[in-house]
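Here are the chains, one letter per residue:
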Amino acid sequence: MQFGRTTFSKFVIEHTRGGHSELGALLIDVSAAVKGIAALVGKGALSGWTGTSGAGEVNVQGEVQKAIDVASNEAILRHCEWGGQLAGMASEEMDEPYRIPDQYPRGRYLLVFDPLDGSSNSDVNVSVGTIFSILKRETAGDGDPSAADFLQPGDRQLAAGYAIYGPATMLVLSLGSGTHGFTLDRENGNFILTHPDIRVPEETREFAINTSNERFWEPPVQRYVAECKAGKSGVRGVDFNMRWIASMVAEVHRILMRGGIFMYPKDNKDPAKPGRLRLLYEANPMAMLIEQAGGAASTGRRRILAVEPGELHQRVPVILGSRQEVERLERYHGEYDAGTDRAFTSPLFSERSLFRADAS
Ligand code: F6P
């Protein structure tokens, strides 16, 4: 047993002194909730929570809802509703915002979360996680917040974080001044600060994307991935590795630890969906953590944190990770939009473009 280490509680108490102690108390409740989820997830099939929820079996996103999604959602609601810090909560697993029960005091913060991201992986024992974001309610009054109260750009997040349930459980947090990682010491139940001030390396040779969607991507993403795959023989002049875990928390964690780029870009697979990932409780918290670690997070055309949300469960294209690579992708999108991405033109022959699907 080592004494004197910085626990998560000590860290947030120290960093929320002077007017934000309620935020600290809320974060300590969030950490208690994720310890509960870690215990549940860690039991695997022994938890009795495997399989679909049985209650309609799809969530508001139309995605299969697992029993463990529902249990994780409950864990966060129960741990965080009572303390008097929250005006309301919103979750991937709930169509509408959750109202704080009448028996509990109300506060000024809003908690938005994805209780178990990547849960399609839980049955195959791959790392999954919880993602959360904390905003301040901007409207006055003690009544229930409406969905509109949650529609704030990511730049207004007061705190963002995720828990990753892997071989070790970790909690990664930003309060707007750096990104810090805590590892769960299972012997005493404390999260211990093990990764202070994480920095994403600026350059990378590793990219992550679901290439089965390649034919649906926009040309700038096709161009970028084609160049990575061409490796030493292409314009990049170096070989790249590809990774795809299909669990965003695990991908972002890898990028925070050793660099890389993660993409779930805009595609035309389903024109009703501008991306797969959700802005408020996936993209925004991860974008804050990555930016605070020196990386970048973009839709391809603008910073994710500057996007004005239009609805609670809005989807958004996500490109995040090592700064130089994200900036390269933004440049490719800009060139495509401006029509200047033609790889080869000849005044003698008809124009040829490697990257444009059309000439509009
Ligand atoms: O909800 C999102 C998610 O599970 C992410 O965690 C992950 O990055 C992505 O979906 C996986 O998508 P796909 O099924 O296309 O690989």
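Parameters at a glance
Residues numbered from 1 in each chain as written. Predicted model: local features only at pLDDT ≥ 70, side-chain atom pairs only at ≥ 80, totals over all residues. Heavy atoms only, no water. Pairing = 2+ DSSP bridges. Helix = DSSP H or I, 4+ residues; strand = E, 2+ residues; numbered from the N terminus. Contact = heavy atoms within 4.5 Å. Axes fitted to C-alpha atoms, helices over the stretch in contact; angles between N-to-C directions. Salt bridge = Lys/Arg side-chain N within 4 Å of Asp/Glu carboxyl O. Buried < 20%, exposed > 50% of the residue type's maximum accessible area, 1.4 Å probe, protein only. Parallel < 35°, antiparallel > 145°, perpendicular 65-115°, else oblique. Left-handed = near helix turned anticlockwise from the far one by under 90°. Nonpolar A, V, L, I, M, F, W, Y, C, P; charged D, E, K, R; others polar. Expected span 1.5 Å × (residues − 1). Core = buried A, V, L, I, M, F, W, Y, C linked by side-chain atoms within 4.5 Å.

Quick look at the sheet that holds strand β2 (residues 98–99)
With respect to topology, 8 strands assemble into an open sheet ordered β2-β1-β3-β4-β5-β6-β7-β8, the strand pairing being mixed. Strands at the two margins of the open sheet, each flanked by one partner only, are β2 and β8 (190–195). Bridge count for strand β7 (residues 179–185) against β8 is 5 bridges, and the pairing is antiparallel. Bridging from a neighbouring strand, Asp185 pairs with Asn190 of β8. Against the sheet, helix α1 (residues 8–15) makes contact with β6 (169–174), β7 and β8, and its axis sits at roughly 5° relative to β6, the strand it touches most. Against the sheet, helix α5 (residues 248–258) engages β3 (109–117), β4 (128–136), β5 (159–165), β6, β7 and β8, with an angle of about 105° to β5.

Comments concerning the pattern of salt bridges
For the structure shown, the criterion picks out 28 salt bridges. In this structure, the salt-bridge partner of Glu206 is Arg243, at a minimum N-O distance of 3.9 Å. Pair noted here: Glu206 is in strand β9 (residues 206–208) and Arg243 is in strand β10 (residues 241–243), with a separation of 37 residues, a long-range link. Here Glu206 falls in the buried class, since its relative accessible area comes to 10%. The shortest N-O distance in the salt bridge between Glu251 and Arg254 comes to 3.1 Å. With a gap of 3 residues between them, Glu251 and Arg254 both fall in helix α5, about one helical turn apart. Look at Glu251 and you get buried, because its relative accessible area is 0%. Judged by relative accessible area, Arg254 falls into the buried class, the value being 11%. Salt bridges linked by common partners bring Glu206, Arg243, Glu251, Arg254 and Arg258 together as one network.

With respect to the packing of helix α4 (residues 219–230) against helix α7 (residues 323–338)
Relative to each other, α4 and α7 sit at 135°, their axes nearing to 8 Å. The orientation of α4 relative to α7 falls into the category oblique. In this structure, the crossing between α4 and α7 has a hand that is right-handed. Residues Pro219, Pro220, Val221, Arg223, Tyr224 and Glu227 of α4 form the contact with α7, whose own contacting residues are Glu325, Arg328, Leu329, Tyr332, His333, Glu335 and Tyr336. Considered class by class, the residues forming the contact of α4 with α7 number 7 nonpolar, 1 polar and 5 charged.

Concerning helix α2 (residues 21–42)
Its 22 residues give α2 an end-to-end C-alpha distance of 31 Å, which sits within 8% of 32 Å, the value for a rise of 1.5 Å per residue. If you check which residues of α2 are buried, you get Leu23, Gly24, Leu26, Leu27, Asp29, Val30, Ser31, Ala33, Val34, Ile37, Ala38 and Val41. Of the residues one or two after α2, Gly44 is the one with positive phi, at around 55°.

Remarks on the packing of α2 against helix α3 (residues 67–80)
Where α2 meets α3, the axes come as close as 8 Å, and the angle between the chain directions of the two elements is 150°. When the interaxial angle is binned, α2 and α3 end up roughly antiparallel. Once α2 is placed against α3, the crossing between them reads as right-handed. Taken together, the residues of α3 that come into contact with α2 (itself represented by Leu26, Asp29, Val30, Ala32, Ala33, Ile37, Leu40 and Val41) are Ile68, Ala71, Ser72, Ala75, Ile76, His79 and Cys80. Here the contact of α2 with α3 is built from residues that sort into 12 nonpolar, 2 polar and 1 charged.

Things to note about the nonpolar core
In this structure, Leu27, Met89, Leu111 and Tyr165 are the most contacted members of the largest nonpolar core, which totals 37 residues. Ranked by residues supplied to this core, first place goes to α2 with 9 residues. With 33 residues, the next largest nonpolar core counts Ala160, Leu256, Ala287 and Val307 among its residues.

Some thoughts on the pairing of β4
Two faces belong to every sheet, and in a regular strand the side chains alternate between them. Counting buried positions over the 9 residues of β4 gives 8, a clear majority of the element. The pairing of β3 with β4 spans 7 bridges and is classified as antiparallel. When the sheet's bridge partners are listed, Leu110 is paired in β4 with Leu135. Pairing geometry for β4 and β5, over 7 bridges, is antiparallel. Of the residues in β5, the one forming a bridge with Gly129 is Ile164.

Purely geometric stuff here, so don't read any function into it on its own.
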